[in-house]
Amino acid sequence: MIDSTKILQDFPLLQQAGPDGKRICYLDSGATSQKPQSVIDAVTNYYEQFNANVHRGIYPISERATKETESTRNKIRDFIHAAASSEIIFTRNATEAINLVARSWGEANLKAGDTVLLSEMEHHSNLVPWYMLAEKIGIKVEFIPVTDEFLLDMDAYHQLLKSRAPKLVSVTGMSNVLGTVPPIKEMVREAHAAGALFLMDGAQSVPHMSVDVQDLDVDFLAFSAHKMLGPTGLGFLYGKKALLNAMPPFLGGGDMIGKVHLGSFTCAELPNKFEAGTPSIAEEVSFGAAIDYLRLLGMDAVYEHERQLTAYAIEKLREIPGLKIFGPLEGARGSAVSFTLDYVHPHDVADILGSRGVCVRAGHHCAMPLHERFRVPATTRASLYIYNNEEDITRLCEALLYVYKLFG
Ligand SMILES: Cc1ncc(COP(=O)(O)O)c(C=O)c1O
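Just so you know, these numbers come straight off a predicted model, no measurement behind them. (Residues numbered from 1 in each chain as written. Predicted model: local features only at pLDDT ≥ 70, side-chain atom pairs only at ≥ 80, totals over all residues. Heavy atoms only, no water.)

**Here's the deal with the pattern of salt bridges**
Put simply, the rule is: Only one rule defines a salt bridge in this text: a Lys or Arg side-chain nitrogen within 4 Å of an Asp or Glu carboxyl oxygen. Helix and strand assignments come from DSSP, with helices taken as H or I runs of at least 4 residues and strands as E runs of at least 2, each series counted from the N terminus. Burial classes: relative accessible area under 20% of the type maximum marks a residue as buried, over 50% as exposed, and values in between as partly exposed (1.4 Å probe, protein chains only).
In this structure the tally under the stated criterion is 24 salt bridges. The partner of E142 in a salt bridge is R164, and the shortest N-O contact between them spans 3.6 Å. Note that E142 is positioned in strand β4 (residues 140–144) and R164 in helix α6 (residues 154–164), a separation of 22 residues in sequence. Classification of E142 by relative accessible area gives buried; the value is 18%. Taking the relative accessible area as the measure of exposure, R164 reaches 41% and is therefore partly exposed. In this structure, R373 engages D148 in a salt bridge whose closest nitrogen and oxygen atoms are separated by 2.7 Å. Within this pair, whereas R373 is found in helix α13 (residues 368–373), its partner D148 is found in the loop between β4 and α6, the two being separated by 225 residues in sequence. Accessibility expressed as a relative area gives 22% for R373, which makes it partly exposed. Note on D148: relative accessible area 56%, which makes it exposed. Several salt bridges share partner residues, and in doing so they unite R23, E391 and D392 into one network.

**Things to note about the pairing of strand β5 (residues 168–172)**
As a reminder of what qualifies: The pairing criterion for strands is at least two bridges between them, as found by DSSP.
With 5 of its 5 residues buried, β5 lies for the most part within the structure. Where burial is concerned, the two faces of β5 agree: the one with L168, S170 and T172 and the one with V169 and V171 are both buried. As defined by bridge partners, strand β3 (residues 115–119) adjoins β5 across 2 bridges and the pair is classed as parallel. Opposite L117, over in β5, you have V169 as the bridge partner. Both β5 and strand β6 (residues 197–201) contribute to a ladder of 5 bridges, which runs parallel. Note that in β6 the partner of L168 across the bridge is L197.

**Quick notes on the site of the ligand**
For clarity, the threshold we go by: Whether a residue is near a molecule or strand depends on its heavy atoms: if one lies within 4 Å, it is near. Polar contacts, as counted here, are pairs of nitrogen or oxygen atoms within 3.5 Å of one another; within protein the pair requires one atom able to donate a hydrogen and one able to accept it, and residues that are adjacent in sequence qualify only if both atoms are side-chain atoms. Gly is placed with the polar residues, together with every amino acid not listed as nonpolar (Ala, Val, Leu, Ile, Met, Phe, Trp, Tyr, Cys and Pro) or charged (Asp, Glu, Lys and Arg).
The environment of the ligand is made up of 14 residues, and the closest members are T95, D201, Q204, S224 and K227. S224 has a polar side-chain atom sitting 2.6 Å from an oxygen atom of the ligand. K227 places a side-chain nitrogen or oxygen 2.6 Å from an oxygen atom of the ligand. When grouped by side-chain class, the residues that make up the shell around the ligand number 2 nonpolar, 10 polar and 2 charged.

**So, the nonpolar core**
Across soluble globular proteins, nonpolar side chains have a tendency to be buried as a group. The following threshold applies: To qualify as a nonpolar core, a set must consist of buried Ala, Val, Leu, Ile, Met, Phe, Trp, Tyr and Cys residues joined through side-chain atoms within 4.5 Å. For the domains described, the bounds stem from an automatic or database domain assignment. Contacts are assigned to residue pairs with any non-hydrogen atoms lying within 4.5 Å of each other.
Among the nonpolar cores identified, the biggest contains 69 residues, and I80, Y157, F198, V218, L221, I386 and Y387 are the most heavily contacted of them. It is helix α10 (residues 281–297) that provides the largest number of residues to this core, a total of 6 residues. Each of domain 1 (4–27 + 298–407) and domain 2 (50–295) accounts for three or more of the residues forming this core. With sequence-adjacent residues up to four places away left out, V218 is seen in contact with I184, V188, F198, M200, V213, Y238 and K240. One finds I314, V344, V358 and A399 within the second-largest nonpolar core, a separate group that totals 29 residues.

Structure (structure tokens):
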């Protein structure tokens with residue numbers, strides 16, 4: 001079991017008092033997570049002890065920087081159970097990882113008229129790169145509908161696999177708005193049977209549950225460090241080795257080359273082929289500490305803690321007059337809970353909550369088509385993580401009742 005009160009002590013920012021003088025109540029981990037002291041220390045330690053560029057230097061501090069970034073790569077390999085470290089590509093964020101697949105794999109393997117199948121609940125990061133490819137080379141983009149119960153319509157999925165014969169299915173492992181967790185393993189199996197590859201957008205799932213790429217058999221997985229206790233400016237693409245080996249490079253420059261002559265170049269081996277230029281060294285090094293932290297807790301315990309707290313949050317939120325939750329009330333769901341309050345704009349809700357030290361997000365959460373689907377311009381979202389507890393839910397509900405009285 002996770003002791004969130006003890007965990008809280010490891011997060012310096014969460015010791016701060018909010019505008020109302022109480023401890024800050026952070027419920028926006030879906031946007032970015034807070035960082036434990038060990039991750040902050042790892043950043044400082046790198047700059048104080050072994051700041052040097054990687055891969056090039058043959059002096060001790062450069063060798064140490066290279067060793068520690070590669071050690072993080074190995075930790076990520078184990079964390080998602082990839083077969084090899086070379087299958088882990090460092091990117092800037094999950095968005096860049098998806099763009100890498102669209103631009104590199106997409107342009108090399110898709111032609112006008114080919115279909116890429118997404119879902120209605122995707123983040124813009126898993127929509128726009130494919131729209132750009134549609135504009136550039138004429139692929140078709142189709143969508144798995146979301147039901148009125150906030151689940152992926154699996155019958156429609158089966159139909160679309162048959163009727164459109166997509167070359168790639170690209171779906172989120174957890175909706176950042178609804179909290180819905182689709183049956184990814186089953187979807188991958190069916191996509192493969194229909195001849196399609198599968199990309200999982202793991203930005204919201206890898207931080208919150210155990211994700212095993214070999215068990216799921218996904219072909220690509222994209223996720224970001226900053227949503228799982230790590231620094232900003234670092235993300236990851238996992239890809240099966242054979243696929244990555246066959247793909248052309250995404251960006252060109254130093255570090256991704258084998259040889260360069262006047263007028264020609266050859267590529268480096270994986271993973272460097274996809275890592276042009278000086279990487280985010282401090283971020284890569286310190287992310288190792290984030291993985292250590294999560295592994296010590298255990299991802300099954302992380303998931304269970306959030307499952308229980310989310311169920312508690314939903315129960316308490318439903319007692320608030322005029323509050324409507326957009327997402328499944330139970331079953332396979334994660335810890336993002338979005339809602340509207342009758343007659344109050346979500347921005348006003350978030351603003352008033354903020355003035356009481358409760359940090360939530362309001363808007364379309366980079367999922368405009370999903371909000372259009374449910375005919376709301378915006379929602380307010382509370383998203384939970386390991387450092388949240390029942391006291392946070394009480395604070396949220398008290399602040400929402402205050403909003404209700406103010407506007408009611
Ligand atoms: C489901 C989902 N996919 C992709 C992203 C993009 O992540 P990043 O901005 O770190 O690239 C997010 C960010 O909120 C997300 O929630």
